[in-house]
Amino acid sequence: MVRNCMISSGNPLWVKGNPVGAGSFGVVHLAMNKFTGELFAVKTAYSEPGLRSLENEAEILESLDSPYIIPCLGRDFTYEPNGERRLKIFLEYQAGGSISDVLKNFGGVLDESVIRSYTREILLGLDYLHKKNIVHGDIKCKNLLMGTSGHIKLADFGCSRRINSAKKIDADSKFCWQSIVGTPLWTAPEVLRNEGLCFSSDIWSLGCTIIEMATGKAPWSGNKISNPMNAVLRIASGKELPQFPTNFSREGSDFLAKCLERDPKLRLTCEELLDHPFVSRSFRKEDAFSPDSILEFGMYDSDYDSDEAEKVFQEETRIRLPFLKRQPSRRERASEWPYKENDSASSEDWITVRSS
């Protein structure tokens, strides 16, 4: 982890790289520790509203410790020659980018098996936040970051708020209206009515994010809403719901219906949704997988000599990669692999790689 003493602006031990993204009120750059080569991200605010938002984000992140939340590594104030303050916060770098980036890089839509896996991790992050009495306030694909292993972390906490009760909307925790220009389509009806944030507001946004992952488009795109102001009025005061993905399973559609309940009091909690079969059931053998490396398949000759030990290893791997297919044992591979006796390489040390 990058230490605060290594990232102080008064100590030139790090160098800023190219922009890698932008939050609600700040620009995010890649940065490098000049001594270790470690990469991290630097988020900078350039306006007074941005400064307040970034201060809020840093204060919230510094109080959290979860594998599903992007960690804050430190912060630093600087002053411009004209006296203006600049705030930088230092964040863990996620090489996989956002889910929005993943959509752009992989054909615009995600398979339902991947959406199930991502949704479960988003829920685990939200469940942690809500138990800390924190509402994220801006859940969407752009604010969900991913490492190369495929694990999801919640990011961009500039609009997050601490509230007093899970049962009652906190009227003092108003939505971050400066960010609503670009995100009304992900925002819960009660928030657009300016009734304040509650934990269930994040659940509505999660439902909208699932639609985004499944269709590659913003929620409500299928409802033919002509402009943002019409969207705000129809979402806030109407009775309709964003259009569900047409190719979703019954489990997926039921999960969306639980998230996109217009009455916030009737929406399920994170804890309840984590028990829903859309995210709780075991992934079947036919579900796709993407290993971290060739080592995921078990080239482990010296440590795993029996089929029983191999099964234990595979189960541990399946838990870490929930959409991993069960790999056949060596005995099964030996009986199924169509190889000749005089092949120069042993078949049990190789795997078949094919495109879907």
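Keep in mind that this is a model prediction, so the values were computed, not measured.

**Examining the overall build of the chain**
- On a plain count of helices and strands, the chain comes out with 11 helices and 9 strands.
- Expressed as a percentage of the 356 residues in the chain, the buried residues total 47%.
- In the chain, the share of contacts with a sequence separation of at least 24, taken over all contacts with a separation of at least 6, comes to 59%.
- Total accessible area on the chain is roughly 18,400 Å²; 52% of this is exposed by carbon and sulfur atoms.

**Some remarks on the UniProt feature "binding site: ATP" (unreviewed entry) in the chain**
- Under the UniProt annotation, the feature "binding site: ATP" (unreviewed entry) is placed at Lys43.
- The residue Lys43 is located in strand 3 (residues 39–45) in this model.
- Here Lys43 falls in the buried class, since its relative accessible area comes to 4%.

**Side note on the sheet that holds strand 5 (residues 85–92)**
- Pairing within the open sheet is antiparallel, and its 5 strands lie in the order 1-2-3-5-4. Looking at which strands have only one partner, the edges of the open sheet turn out to be strand 1 (14–22) and strand 4 (72–79). Ignoring which end each strand starts from, the neighbouring axes of this sheet average 30° apart.
- One ladder, built from 7 bridges, connects strand 2 (residues 26–33) with strand 3; its direction is antiparallel. Within the sheet, the bridge partner assigned to Ala31 lies in strand 3 and is Phe40.

**What to know about the pattern of salt bridges**
- Counted according to the given criterion, the structure contains 12 salt bridges.
- Residues Lys131 and Asp127 are paired through a salt bridge, measuring 3.1 Å at the closest nitrogen-oxygen approach. Here Lys131 and its partner Asp127 are both found in helix 3 (residues 112–131), 4 residues apart, which amounts to about one turn of the helix.
- Given the relative accessible area of 55%, Lys131 is considered exposed.
- Classification of Asp127 by relative accessible area gives buried; the value is 12%.

**Here's the deal with helix 7 (residues 250–259)**
- Taken residue by residue, helix 7 has Gly252, Phe255, Leu256 and Cys259 as its buried positions. Buried residues of helix 7, seen end-on, are gathered within an arc of 100° and therefore sit on one face of the element.
- Turning to helix 7, the residues buried within the fold contact helix 3, helix 5 (199–215), helix 8 (270–273) and helix 9 (277–280).

**With respect to a nonpolar patch on the surface**
- A contiguous nonpolar patch, built from Val15, Met32 and Leu39 and spanning about 230 Å² of accessible area, is present on the exposed surface.
- The class of Val15 is partly exposed, set by a relative accessible area of 42%.

**Let's talk about the confidence of the model for the chain**
- For the chain, per-residue confidence averages 78 on the pLDDT scale, and 70% of positions sit at 70 or higher.
- A low-confidence stretch, residues 166–173 stays under pLDDT 50, and its non-local contacts, those more than four residues away or across chains, total 19 contacts.

**Quick notes on the pairing of strand 5**
- With respect to burial, strand 5 is a largely interior element, 6 of its 8 residues being buried.
- As defined by bridge partners, strand 3 adjoins strand 5 across 6 bridges and the pair is classed as antiparallel. Bridge assignment links Phe40 to a residue of strand 5, and that residue is Glu92.
- In terms of strand pairing, strand 4 meets strand 5 through 7 bridges, oriented antiparallel. Looking at strand 5, one finds that Tyr79 is bridged to Arg85.
- Between strand 4 and strand 5, which follow one another and run antiparallel, lie 5 residues, and Gly83 among them has a positive phi close to 95°.

**Quick look at the packing of aromatic side chains**
- Across all of its chains, the model carries 5 aromatic pairs by this definition.
- Ring centres of Phe248 and Phe278 lie 5.7 Å apart, and the angle between their planes is 50°; this geometry places the pair in the tilted category. With Phe248 in the loop between helix 6 (228–237) and helix 7 and Phe278 in helix 9, this residue pair connects regions lying 30 residues apart in the sequence.
- Assessed through its relative accessible area of 11%, Phe248 is described here as buried.
- For Phe278, a relative accessible area of 1% puts it in the buried group.
- Members of the aromatic cluster, connected to one another through ring pairs, are Trp14, Phe40 and Phe90.

Rules of the game
Residues numbered from 1 in each chain as written. Predicted model: local features only at pLDDT ≥ 70, side-chain atom pairs only at ≥ 80, totals over all residues. Heavy atoms only, no water. Helix = DSSP H or I, 4+ residues; strand = E, 2+ residues; numbered from the N terminus. Buried < 20%, exposed > 50% of the residue type's maximum accessible area, 1.4 Å probe, protein only. Contact = heavy atoms within 4.5 Å. Areas by Shrake-Rupley, 256 points an atom, 1.4 Å probe, with all protein chains shown as cover. UniProt positions renumbered as here; feature names shortened; annotations may be inferred. Pairing = 2+ DSSP bridges. Axes fitted to C-alpha atoms, helices over the stretch in contact; angles between N-to-C directions. Salt bridge = Lys/Arg side-chain N within 4 Å of Asp/Glu carboxyl O. Arc of directions from axis to C-beta. Patch = residues over 30% accessible without salt bridge, like charges linked within 9 Å, V, L, I, M, F, W, Y side chains within 5 Å. pLDDT = per-residue confidence, 0-100. Phe/Tyr/Trp six-rings, centres within 6.5 Å; stacked < 30°, edge-to-face > 60°.

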